[in-house]
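Observations on the three-dimensional arrangement
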Amino acid sequence: MSTVSISPSATGHILDRVGAHHVVSFTYEIGREKIKEFARAVQDDHLTHFDDGAGRELGHDGVIAPVTFVSVIGTAVLPELFENLLIGYGIGDILHTDQQIKLHRPLRAGDVLSSDLSLESFRQSGGSDIMVTANDITDASGELVATTKTTFVARTGGNPESENFQGVLDGVLRQGG
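Figured I'd write up the structure that's included with this text.

Rules behind the numbers
- Residues numbered from 1 in each chain as written.
- Predicted model: local features only at pLDDT ≥ 70, side-chain atom pairs only at ≥ 80, totals over all residues.
- Heavy atoms only, no water.
- Helix = DSSP H or I, 4+ residues; strand = E, 2+ residues; numbered from the N terminus.
- Buried < 20%, exposed > 50% of the residue type's maximum accessible area, 1.4 Å probe, protein only.
- Contact = heavy atoms within 4.5 Å.
- Phe/Tyr/Trp six-rings, centres within 6.5 Å; stacked < 30°, edge-to-face > 60°.
- Salt bridge = Lys/Arg side-chain N within 4 Å of Asp/Glu carboxyl O.
- Core = buried A, V, L, I, M, F, W, Y, C linked by side-chain atoms within 4.5 Å.
- Pairing = 2+ DSSP bridges.

Regarding its fold elements, the protein chain presents six helices and six strands. Starting at the N terminus and ending at the C terminus, the protein chain contains elements arranged as α-β-β-α-α-α-α-β-β-β-β-α. The 177 residues of the protein chain split such that 35% are buried. Within the protein chain, residue pairs in contact and separated by at least 24 positions form 68% of the contacts whose partners lie at least 6 positions apart.

This is the structure:
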């Protein structure tokens, strides 16, 4: 069994946040056209994603979203995840390595969803920082709709290339505009 060592930068920023929660400052309303657009993009041609009648036959008010639609919500909350829980990391620093999704009920057109993010764990192994986050997604009535768990991996000590990434990106965008 190897010894886990924690870098000074991770100790101050991440370890203090393990177990912390952050309720996202906005809600996400699922539109029926977004469901259809997403289903086409992921090539999920199940009729319940396109036809209200097919959704009603299964006991819903209309169309329902594919299971993986929850990733749209996960992407929308990323800025607040990094700002409040994965402090010291940015999108260019991490690799998304694992995703678990538990739907408590189908996502429906018209759902207005809120997210409660948490940092479940942080550890270092083999020169990598490994972080597990959770996202409890609830509807307007407070009912738990979905729970996701995501594992991110970053280089211990940061990614030296990411420090210059924003400057390079800004330079490219200015040249094109």
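Attention now goes to the packing of aromatic side chains. Counted according to the given criterion, the structure contains three aromatic pairs. Taking the centre distance of 6.5 Å and the plane angle of 50 degrees together, the rings of Phe82 and Phe152 count as tilted. With Phe82 in helix H5 (residues 78-84) and Phe152 in strand E6 (residues 144-155), the pair connects residues that are 70 residues apart, well separated along the chain. In this structure Phe82 comes out as buried when scored by relative accessible area, which is 11%. Pairwise contacts between aromatic rings join Tyr28, Phe38 and Phe69 into one cluster.

On to the pattern of salt bridges, then. Considering all chains together, one arrives at seven salt bridges under this definition. When salt bridges that share partners are traced, they join Arg105, Asp111, Asp139 and Glu143 into one network.

Grouped together as the largest cluster of nonpolar side chains are 16 residues, with contacts concentrated most on Leu86, Tyr89, Ile94 and Met131. Contributions of two or more residues to this core are made by H5, strand E4 (112-125) and E6. For this core, the leading source of residues is E4, giving three residues. With sequence-adjacent residues up to four places away left out, Leu86 is seen in contact with Ile14, Leu81, Leu119, Met131, Thr133 and Phe152. Counting 14 residues, the second largest nonpolar core, distinct from the first, contains Phe38, Val70, Leu113 and Ala146.

Turning our attention to the environment of Phe38. Following the sequence through the fold, Phe38 ends up in helix H2 (residues 32-41). The class of Phe38 is buried, set by a relative accessible area of 15%. C-alpha separation for the pair Phe38 and Pro66, spaced 28 residues apart in sequence, amounts to 8.0 Å. Not counting residues within four places of it along the chain, the set of residues in contact with Phe38 comprises Pro66, Thr68, Phe69, Ser71 and Val72.

Here we come to unusual backbone geometry. Its identity as a non-glycine residue notwithstanding, Gln43 has a phi of 55 degrees, on the positive side. Looking at the element boundaries, Gln43 is found in the loop between H2 and helix H3 (52-57).

We now examine the pairing of strand E5 (residues 128-138). Burial analysis of E5 places eight of its 11 residues in the buried class, which makes it a mostly covered element. Bridge count between E4 and E5: 11 bridges; the pairing is antiparallel. Following the sheet pairing, Leu117 is matched in E5 by Asn135. The turn linking E4 back onto E5 is made up of two residues, and Gly126 within it adopts a positive phi angle of 55 degrees. Relative to E6, E5 runs antiparallel, the two sharing 11 bridges. Within E6, the residue paired with Asp136 across the bridge is Thr147.

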